[in-house]
Amino acid sequence: EDQVTQSPEALRLQEGESSSLNCSYTVSGLRGLFWYRQDPGKGPEFLFTLYSAGEEKEKERLKATLTKKESFLHITAPKPEDSATYLCAVQNNYGQNFVFGPGTRLSVLP
Amino acid sequence: GAVVSQHPSWVICKSGTSVKIECRSLDFQATTMFWYRQFPKQSLMLMATSNEGSKATYEQGVEKDKFLINHASLTLSTLTVTSAHPEDSSFYICSAPTQWGETQYFGPGTRLLVL
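Everything quoted here is computed from the prediction, not taken from an experiment. In this convention, every chain numbers its residues from 1, walking through the sequence in written order. Lettering for chains starts from A, numbering for ligands starts from 1, and both go in the order in which the items are written. In keeping with the predicted nature of the model, local features appear solely for residues at pLDDT of at least 70, side-chain atom pairs appear and are counted solely at 80 or more, and the whole-chain, interface and lining totals rest on all residues. Note: side-chain values were computed over all heavy atoms of the structure, leaving out hydrogens and water.

**Q** Which residues make up the side chain of Asp2 of chain A, and what values go with them?
**A** Residue and element names in this part refer to chain A. Tracing the chain through its elements places Asp2 in the segment before β1 (3-7). Each residue is assigned to one of three classes by its accessible area relative to the maximum for its type, calculated with a 1.4 Å probe on protein chains only: buried under 20%, partly exposed between the two thresholds, exposed over 50%. The sign given to each residue is positive for Lys and Arg and negative for Asp and Glu; His and the chain ends receive no count. Any Lys or Arg side-chain nitrogen found within 4 Å of a carboxyl oxygen on Asp or Glu counts as a salt bridge. Although Asp2 is buried, it makes no salt bridge; Arg31 carries the closest opposite charge, 12 Å away. Only 3.0 Å separates the side chain of Asp2 from the backbone nitrogen of Ser28, close enough to count as a polar contact. In protein, a polar contact means a hydrogen-donor-capable atom and an acceptor-capable atom, both N or O and within 3.5 Å, with residues adjacent in sequence counting only if both atoms are side-chain atoms; elsewhere, any N or O pair within 3.5 Å suffices. For Asp2, the side chain forms a polar contact with the side chain of Asn92, separated by 2.6 Å. Secondary structure elements follow DSSP: runs of H or I no shorter than four residues count as helices, runs of E no shorter than two count as strands, and numbering proceeds from the N terminus.

**Q** Can you break down the pairing of strand β3 (residues 19-25) of chain B residue by residue, with the values?
**A** Residues and elements named next belong to chain B. Covered by surrounding structure in β3 are Val19, Ile21, Cys23 and Ser25 only, the residues Lys20, Glu22 and Arg24 on the alternate face being uncovered. Note: strand β1 (residues 4-7) against β3, four bridges, orientation antiparallel. When the sheet's bridge partners are listed, Val4 is paired in β3 with Ser25. DSSP calls a pair of strands paired once it identifies at least 2 bridges connecting them. Of the strand pairs in this sheet, β3 and strand β8 (residues 76-81) are connected by six bridges, and their pairing is antiparallel. Bridge pairing links Cys23 to Ser77 in β8.

**Q** Just give me the short version of the side chain of Thr103 of chain B, but keep the residues and values in it.
**A** Here Thr103 of chain B shows up in the loop between β9 (90-97) and β10 (104-106). One polar contact links Thr103 of chain B to Tyr36 of chain A, side chain to side chain, over a distance of 2.9 Å. We call two residues in contact whenever any of their non-hydrogen atoms come within 4.5 Å of each other. For Thr103 of chain B, the contacting residues outside a window of four places in its chain are Phe34, Tyr36, Phe46, Thr49 and Phe98 of chain A together with Ala96, Pro97 and Thr98 of chain B.

**Q** Account for the sheet that holds strand β6 (residues 56-59) of chain A, with residues named and values stated.
**A** All names here are of chain A. Strand order in this open sheet of five strands is β1-β3-β8-β7-β6, and the pairing throughout is antiparallel. In this open sheet, the two strands that pair with only one neighbour each are β1 and β6. Neighbouring strand axes in the sheet, compared pairwise and without regard to direction, differ in orientation by 15° on average. Here β1 pairs with strand β3 (residues 19-26) via five bridges, running antiparallel. In the strand pairing of β3, Val4 is matched with Tyr25. To obtain an axis, a line is fitted to C-alpha atoms, over the contacting stretch when the element is a helix, and the angle between two such axes runs from 0 to 180 degrees between their N-to-C directions.

**Q** I'd like a description of the packing of aromatic side chains, backed by residues and values.
**A** Between 30 and 60 degrees the pair is tilted, below 30 it is stacked and above 60 it is edge-to-face, where a pair is any two Phe, Tyr or Trp rings, Trp via its six-membered ring, whose centres lie within 6.5 Å. In this structure the tally under the stated criterion is 10 aromatic pairs over all chains. One aromatic cluster is present, built from ring pairs that chain together Phe34, Tyr36, Phe46, Phe98 and Phe100 of chain A together with Tyr36, Tyr105 and Phe106 of chain B.

**Q** Lay out the nonpolar core in plain terms, naming residues and giving numbers.
**A** One finds Val4, Trp35, Phe67, Leu79, Tyr92 and Leu112 of chain B to be the most contacted residues of the largest nonpolar core, which totals 25 residues. If near-sequence neighbours (up to four positions away) are discounted, Val4 of chain B is found in contact with Cys23, Arg24, Phe28, Cys94, Ala96, Tyr105, Phe106, Gly107 and Pro108 of chain B. What we call a nonpolar core is a set of buried Ala, Val, Leu, Ile, Met, Phe, Trp, Tyr and Cys residues that are connected through their side-chain atoms within 4.5 Å.

**Q** Break down the pattern of salt bridges for me, with residues and values.
**A** In total, this model carries six salt bridges over all chains according to the counting rule given. One salt bridge in this structure joins Arg61 of chain A and Asp82 of chain A, with 2.8 Å as the shortest N-O distance. One end of the pair, Arg61 of chain A, is in the loop between β6 and β7 (62-66); the other, Asp82 of chain A, is in the loop between β8 (70-75) and β9 (84-92), with 21 residues separating them in the sequence. The partly exposed category is assigned to Arg61 of chain A, whose relative accessible area is 21%. What makes Asp82 of chain A buried here is its relative accessible area of 6%. Of the charged contacts, one joins Lys66 of chain B and Asp88 of chain B as a salt bridge, the two residues approaching to 2.9 Å between their closest N and O atoms. Taken as a pair, Lys66 of chain B in the loop between β6 (57-58) and β7 (67-73) and Asp88 of chain B in the loop between β8 and β9 lie far apart in primary sequence, 22 residues in all. With respect to class, Lys66 of chain B is no different from Asp88 of chain B; both count as buried.

**Q** Hey, could you go over unusual backbone geometry for me, with residue numbers and the actual values?
**A** Here the amide bond leading from Ser7 of chain A into Pro8 of chain A is cis, since omega sits at -5°, within 30 degrees of zero. With an omega dihedral of 0°, the bond running from His7 of chain B to Pro8 of chain B counts as a cis peptide bond. When you line up the elements, Pro8 of chain B lands in the loop between β1 and β2 (10-13). With phi around 55°, Glu60 of chain A is a residue other than glycine that occupies positive phi space. Residue position: Glu60 of chain A is located in the loop between β6 and β7.

What follows is the structure, encoded as structure tokens:
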């Protein structure tokens, strides 16, 4: 059974204080690992798709990396508007559905 | 990115009534759509996979007679919560995968409150 865990559960940062969020996974043949951002009361917003170990993708202050067992979402010099819940999900080679992790609630204080 | 819409964005209903939620892919066709349920401060729980032109596939523990799914066209899937009860109150979100499965795009969600 595919599983995704995320840590920490919640993270509070000062504006400008860089940090990383972790997503650990077990999957029967990884097709893709996905990062989403979700604001309260809204649907998840797509950030990145990673397909193979060693792959990295960047978008503004965010950088996602992937190994065979985990993915990191690095946040460089975060701003208050980066406050959200960050969700990680995996998709295996046998179906279309995603398995989501519980998310990390990020708060960036001014 | 691709856009998925949901309607209504929120609904309040009395116990025992039925509520229909629409999910539309606005700029791409989706033979498959997914319906999720999310409780406060929890992650998304997949309820069912909606397939255009065929029956939906429900996850274990989800009552298919209570949560009716119809995928009428390549851009529209509907979720009907039948005989809603207070325990059905939740945030319902749909998503549609891109053609090659590079990602899923999510709708904005529908908040249901059953009194």
